[in-house]
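So the chains spell out like this:
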Amino acid sequence: MRKYKVYVRLNKEVFEISEDDEVVYRYEQDSGYALCDFINIDINKLWPEIDNEKNLLDCSQVFLFAPCKAEFEYIKNLYDVIKGFISESNKSVNYTFKRQLCVSIENIDGEICRVIYPTSVSDILLFLFYEIIEKNMIFRKCKRCERMFPVYYHRNIQFCERIDKRLNKSCRQIKFKYLNDVYDESNDDVRQIILDIFERAYKRQRGRVDYGSLNKTKFKNWSKKARKQRDLCLNGKITIQEFEKWIIDNDRNYDEED
């Protein structure tokens, strides 16, 4: 018989699948990151049934099964509540959804842990939500990948620990390593970082055009100036730090170039 099990050890969320009391799949992730990544799932991807573990971690760590219509609507509402809590640090969010969560206490490798055996995606969402509330976590948007991440001790941290699979380094490691690097043609990693900084900023501005909050003329003004700064960085005239600072400082600067 298949069972799903979720528990948290030292801020690490552990997700296990067992069959006939034998663990056949196990995944660990920082509980704060787990919740941040979980709420970034396209909610509609929860609707189709997923049959195999290969797809289990496509967007996050858990897909249990396709929820029924009533459960699907509940999960959508729960997503909105948690997103507001994380992205806006809204501690006084009006949470009106009632749900009982069956939590047991178990000894796992000599450590007392709270454990749930979820029957729905919403069970896991609520379990992780309770964990971060109890630990009074705060969240911040990473300045590199622009995704939310939990802050535990050093409240001035601006970069997350997510691994860039292409570079096999975290955003924090990349920032420290290339903070003052000047690009040279032999360093493809640094070139990609410069292009990534430009691409993220470009998509953000383009999104404003698509949503009607920015006209095309102003977008073209910004784009022209941003490309000039990108090329200066690629040509070694300015550092990555200076280029990134220009992007941040000129996020709403749509004036024509002098």
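Figured I'd write up the structure that's included with this text.

## Some remarks on the overall build of the protein
- Helix and strand counts for the protein stand at 7 helices and 9 strands.
- Within the span of the protein, comprising 258 residues, buried residues form 46% of the whole.
- In the form shown here, the protein has an accessible surface area of approximately 14,900 Å², with 47% of it arising from carbon and sulfur atoms.

## Notes on the packing of aromatic side chains
- Applying the stated rule across the entire model yields 4 aromatic pairs.
- Consider the rings of tyrosine 4 and phenylalanine 15, whose centres lie 6.2 Å apart with planes at 15 degrees: the pair is stacked. Separated by 11 residues along the polypeptide, tyrosine 4 in strand 1 (residues 2-9) and phenylalanine 15 in strand 2 (residues 12-19) bring together distant segments of the chain.
- Note on tyrosine 4: relative accessible area 15%, which makes it buried.

## Notes on the pairing of strand 7 (residues 148-151)
- Direction of pairing for strand 6 (residues 138-141) relative to strand 7: antiparallel, over a ladder of 4 bridges. Within strand 7, the residue paired with phenylalanine 139 across the bridge is proline 150.
- Between strand 6 and strand 7, which pair antiparallel in sequence order, lie 6 residues; one of them, glutamate 146, sits at a positive phi of approximately 65 degrees.

## Looking at the environment of serine 223
- By the element assignment, serine 223 lies in helix 6 (residues 216-234).
- Note: C-alpha distance between serine 223 and alanine 201 (22 residues apart in sequence) is 9.5 Å.

## A look at the sheet that holds strand 3 (residues 22-30)
- A sheet is described by the order of its strands in space; here 5 strands give the open sequence 3-2-1-5-4, paired in antiparallel fashion. Two strands lie at the open edges of the sheet, namely strand 3 and strand 4 (104-108), each paired on one side alone. Sheet twist, expressed as the mean angle between neighbouring strand axes with direction ignored, is 30 degrees.
- Direction of pairing for strand 2 relative to strand 3: antiparallel, over a ladder of 8 bridges. Looking across to strand 3, one finds that isoleucine 17 is bridged to tyrosine 25.

## Notes on the packing of helix 1 (residues 31-38) against helix 3 (residues 121-134)
- It is at 10 Å that the axes of helix 1 and helix 3 come closest, and there the two elements cross at 135 degrees. With respect to helix 3, the element helix 1 is oriented oblique. Between helix 1 and helix 3 lies a crossing of left-handed hand. Counting all contacts with helix 1, which are made through Ser31, Gly32, Ala34, Leu35 and Phe38, the residues of helix 3 involved are Val121, Leu125, Leu128, Phe129 and Ile132.
- Considered class by class, the residues forming the contact of helix 1 with helix 3 number 8 nonpolar, 2 polar and no charged.

## Things to note about the pairing of strand 2
- Here strand 2 lies mainly inside the structure; 6 of its 8 residues are buried.
- Here 8 bridges tie strand 1 to strand 2, and the two strands are oriented antiparallel to one another. Opposite arginine 9, over in strand 2, you have lysine 12 as the bridge partner.
- Between strand 1 and strand 2, which pair antiparallel and follow one another directly, the connecting turn spans 2 residues, one of which, leucine 10, has a positive phi of 50 degrees.
- If you look at the hairpin formed by strand 2 and strand 3, you'll find 2 residues sitting between the two strands, and aspartate 20 has a positive phi there, around 55 degrees.

## Looking at the environment of tyrosine 79
- On the secondary structure map, tyrosine 79 appears in helix 2 (residues 69-88).
- Separated by 39 residues in sequence, tyrosine 79 and asparagine 40 have C-alpha atoms that sit 9.0 Å apart.

## Some remarks on the nonpolar core
- Of all hydrophobic cores here, the largest spans 31 residues; its most connected members are Leu35, Ile82, Ile86, Leu125, Phe129, Ile132 and Phe139.
- Of all the secondary structure elements, the ones that give two or more residues to this core are strand 1, strand 2, helix 1, helix 2 and helix 3.
- Those residues in contact with phenylalanine 129 that sit more than four places away from it in its chain are Leu35, Val81, Ile82 and Phe85.
- Judged by nonpolar contacts, the second largest core, of 21 residues, contains Ile197, Phe198, Leu214 and Leu234.

## Observations concerning the pattern of salt bridges
- Taken as a whole and assessed by the stated rule, the structure comprises 16 salt bridges.
- Note that aspartate 249 and lysine 245 form a salt bridge whose closest N and O atoms lie 2.6 Å from each other. Taken together, the residues span about one helical turn, with aspartate 249 and lysine 245 both in helix 7 (residues 240-249) at a distance of 4 residues.
- One network of salt bridges, with partners in common, ties together Glu146, Arg204, Arg208, Asp251 and Arg252.

What counts, and where the lines are drawn
- Residues numbered from 1 in each chain as written.
- Predicted model: local features only at pLDDT ≥ 70, side-chain atom pairs only at ≥ 80, totals over all residues.
- Heavy atoms only, no water.
- Helix = DSSP H or I, 4+ residues; strand = E, 2+ residues; numbered from the N terminus.
- Buried < 20%, exposed > 50% of the residue type's maximum accessible area, 1.4 Å probe, protein only.
- Areas by Shrake-Rupley, 256 points an atom, 1.4 Å probe, with all protein chains shown as cover.
- Phe/Tyr/Trp six-rings, centres within 6.5 Å; stacked < 30°, edge-to-face > 60°.
- Pairing = 2+ DSSP bridges.
- Axes fitted to C-alpha atoms, helices over the stretch in contact; angles between N-to-C directions.
- Parallel < 35°, antiparallel > 145°, perpendicular 65-115°, else oblique.
- Left-handed = near helix turned anticlockwise from the far one by under 90°.
- Contact = heavy atoms within 4.5 Å.
- Nonpolar A, V, L, I, M, F, W, Y, C, P; charged D, E, K, R; others polar.
- Core = buried A, V, L, I, M, F, W, Y, C linked by side-chain atoms within 4.5 Å.
- Salt bridge = Lys/Arg side-chain N within 4 Å of Asp/Glu carboxyl O.

Geometric descriptors of this kind do not, in isolation, establish any biological role.
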